[in-house]
Amino acid sequence: MFFVSCIGRNGEVSAPPPLTSPLSRDYIGFGVITTSFTHISAEPAVNSPSIGYLRRGSLVKIARREIIRTQSGFVTWVLTGDIVQGSNTISGWLREDVMDIFNNENQARTASEFILR
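Below, the structure is looked at part by part. (Residues numbered from 1 in each chain as written. Predicted model: local features only at pLDDT ≥ 70, side-chain atom pairs only at ≥ 80, totals over all residues. Heavy atoms only, no water.)

1. Remarks on the overall build of the chain
Logical step 1: When helices and strands are tallied, the chain shows one helix and nine strands.
Logical step 2: Start at the N end of the chain and walk to the C end: the helices and strands fall as β-β-β-β-β-β-β-β-β-α.
Logical step 3: Scored against the burial criterion, the 117 residues of the chain give a buried share of 29%.
Logical step 4: Sequence separation of 24 or more characterises 52% of the internal contacts of the chain that already satisfy a separation of 6 or more.
Logical step 5: Accessible surface, the chain: about 8600 Å² in total, of which carbon and sulfur atoms supply 52%. (Helix = DSSP H or I, 4+ residues; strand = E, 2+ residues; numbered from the N terminus. Buried < 20%, exposed > 50% of the residue type's maximum accessible area, 1.4 Å probe, protein only. Contact = heavy atoms within 4.5 Å. Areas by Shrake-Rupley, 256 points an atom, 1.4 Å probe, with all protein chains shown as cover.)

And the structure:
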């Protein structure tokens, strides 16, 4: 028989998670817009006022995700990190079904470049 013990070692240093890790609480992922055009909403609701828009291939940082109950079922919305639009910086809500979601920024950038070809 072979037994293994998990005993901590003195002097071990823990490493902080990467900035894009869900554990860092900065961003939980990155999205690439797959529809030709989509509005950024002020609230996670279909009838919410539009505060901006994004085009196909745009890359967004996802700060939060919410599942909202509607009369016809459930809709998943994501809150974006800051998006620069002209001279303004906005943060708003997008339906999750208008994008592909990736774990890290490099994957999302590659997907965005592929879409824009």
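2. Some words on the nonpolar core
Logical step 1: Membership of the largest hydrophobic core is limited to eleven residues, which are Ile33, Ile40, Leu54, Val60, Ile62, Val78, Ile83, Ile90, Leu94, Val98 and Met99.
Logical step 2: Setting aside its immediate chain neighbours within four residues, Leu94 contacts Ile33, Thr38, His39, Ile40, Leu54, Val60, Thr76, Trp77, Val78, Thr80 and Met99.
Logical step 3: Counting residues in each nonpolar core, the second largest holds five residues, with Phe30, Ala108, Ala111 and Ile115 among its members. (Core = buried A, V, L, I, M, F, W, Y, C linked by side-chain atoms within 4.5 Å.)

3. Quick word on the side chain of Ser112
Logical step 1: With respect to the helices and strands, Ser112 occurs in helix α1 (residues 105-115).
Logical step 2: Owing to a relative accessible area of 9%, Ser112 belongs among the buried residues under this scheme.
Logical step 3: Ignoring any residue separated from it by four or fewer positions in sequence, one finds Ser112 in contact with Val32 and Gly57.

4. Re the side chain of Ser48
Logical step 1: For Ser48, the location among the structural elements is in the loop between β2 (37-41) and β3 (50-55).
Logical step 2: Those residues in contact with Ser48 that lie beyond four places of it in its chain are Ser41, Ala42 and Glu43.

5. Quick notes on the environment of Thr38
Logical step 1: Within the element layout of this structure, Thr38 appears in strand β2.
Logical step 2: Between the C-alpha atoms of Thr38 and Arg56, which are 18 residues apart in sequence, the distance is 8.2 Å.
Logical step 3: Not counting chain neighbours up to four residues away, the residues in contact with Thr38 comprise Ile33, Gly52, Tyr53, Leu54, Leu94 and Val98.

6. Quick word on the environment of Ala108
Logical step 1: By the element assignment, Ala108 lies in helix α1.
Logical step 2: Under the relative-accessibility criterion, Ala108 is labelled buried at 0%.
Logical step 3: Setting aside anything within four residues of it in sequence, one finds Ala108 in contact with Phe30, Val32, Leu59 and Phe102.

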